[in-house]
Amino acid sequence: MLELLHLYISPSHNFFGHHGQEPGDAPMVERDGLECVAGRGIKDDRFFDFKENYKGQITFFSQEVYEDLCKVLPNLR
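Everything numeric here is computed off the predicted structure, so don't read it as measured data.

Caption draft 1: Layout of the side chain of Ser10. Position of Ser10 among the secondary structure elements: in the loop between strand E1 (7-9) and strand E2 (29-31). Exposure remark for Ser10: the relative accessible area of 5% places this residue in the buried category. Within the local environment of Ser10, its side chain forms a polar contact with the backbone oxygen of Ser12, the two atoms lying 3.0 Å apart. In this structure Ser10 touches Ala26, Pro27, Asp44, Asp45 and Arg46, once residues within four positions along its chain are discounted.

In structure tokens, the structure reads:
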């Protein structure tokens, strides 16, 4: 059984398209739920309607990895 404990989106890009520049400061926004739209992406995420037939991905990781990330990225919680 898989249990999703945290869901995040980002409304704009921090690294994508920033080659050789400082990263952006768009927040990650925690959501209680997500709306996935076939062929378009996750509603309100930075890649929603990005390109026709864009093959984006969703990253899943364990609670232990999340806790380790929170130690080095305090704004995650």
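Back to the text.
Caption draft 2: Representation of the layout of surface pockets. Counted as a void, the largest pocket has a volume near 1600 Å³. As for the largest pocket, its lining consists of 50 residues, of which Tyr8, Ile9, Arg46, Ile58 and Thr59 are closest to the centre. For the lining of the largest pocket, the residue count by class is 28 nonpolar, 13 polar and nine charged.

Caption draft 3: How the structure looks around the side chain of Asp45. As for its placement among the helices and strands, Asp45 is situated in the loop between strand E4 (41-42) and helix H1 (63-72). Only 3.1 Å separates the side chain of Asp45 from the backbone nitrogen of Ser10, close enough to count as a polar contact. Every residue in contact with Asp45, bar those within four places of it in the chain, is listed here: Ile9 and Ser10.

Caption draft 4: Quick look at the environment of His13. Looking at the secondary structure, you find His13 in the loop between E1 and E2. Separated by ten residues in sequence, His13 and Pro23 have C-alpha atoms that sit 8.3 Å apart. For His13, the contacting residues outside a window of four places in its chain are His18, Gly24, Arg46 and Phe47.

Caption draft 5: Main features of the pattern of salt bridges. For the structure on display, the rule yields four salt bridges. Among the salt bridges present, the one from Arg31 reaches Asp44, with a minimum N-O distance of 3.5 Å. Highlighted residues: Arg31 in strand E2 and Asp44 in the loop between E4 and H1, separated in sequence by 13 residues. With a relative accessible area of 29%, Arg31 lands in the partly exposed category. For Asp44, a relative accessible area of 42% gives the class partly exposed.

Caption draft 6: Structural detail: a nonpolar patch on the surface. On the surface, a nonpolar cluster with roughly 470 Å² of combined accessible area is contributed by Leu2, Leu4, Ile58 and Phe60. Mapping Phe60 onto the fold places it in the loop between E4 and H1.

Rules used throughout
Residues numbered from 1 in each chain as written. Predicted model: local features only at pLDDT ≥ 70, side-chain atom pairs only at ≥ 80, totals over all residues. Heavy atoms only, no water. Helix = DSSP H or I, 4+ residues; strand = E, 2+ residues; numbered from the N terminus. Buried < 20%, exposed > 50% of the residue type's maximum accessible area, 1.4 Å probe, protein only. Polar contact = N/O pair within 3.5 Å; in protein donor to acceptor, adjacent residues only side chain to side chain. Contact = heavy atoms within 4.5 Å. 1 Å grid on protein atoms, 1.4 Å probe; cavity = no way out; pocket = protein on both sides within 12 Å on 5 of 7 lines; lining within 4 Å. Points joined across faces, edges and corners; volume = space filled by probe spheres on them. Nonpolar A, V, L, I, M, F, W, Y, C, P; charged D, E, K, R; others polar. Salt bridge = Lys/Arg side-chain N within 4 Å of Asp/Glu carboxyl O. Patch = residues over 30% accessible without salt bridge, like charges linked within 9 Å, V, L, I, M, F, W, Y side chains within 5 Å. Areas by Shrake-Rupley, 256 points an atom, 1.4 Å probe, with all protein chains shown as cover.

Any functional reading would require information beyond the geometric quantities listed.
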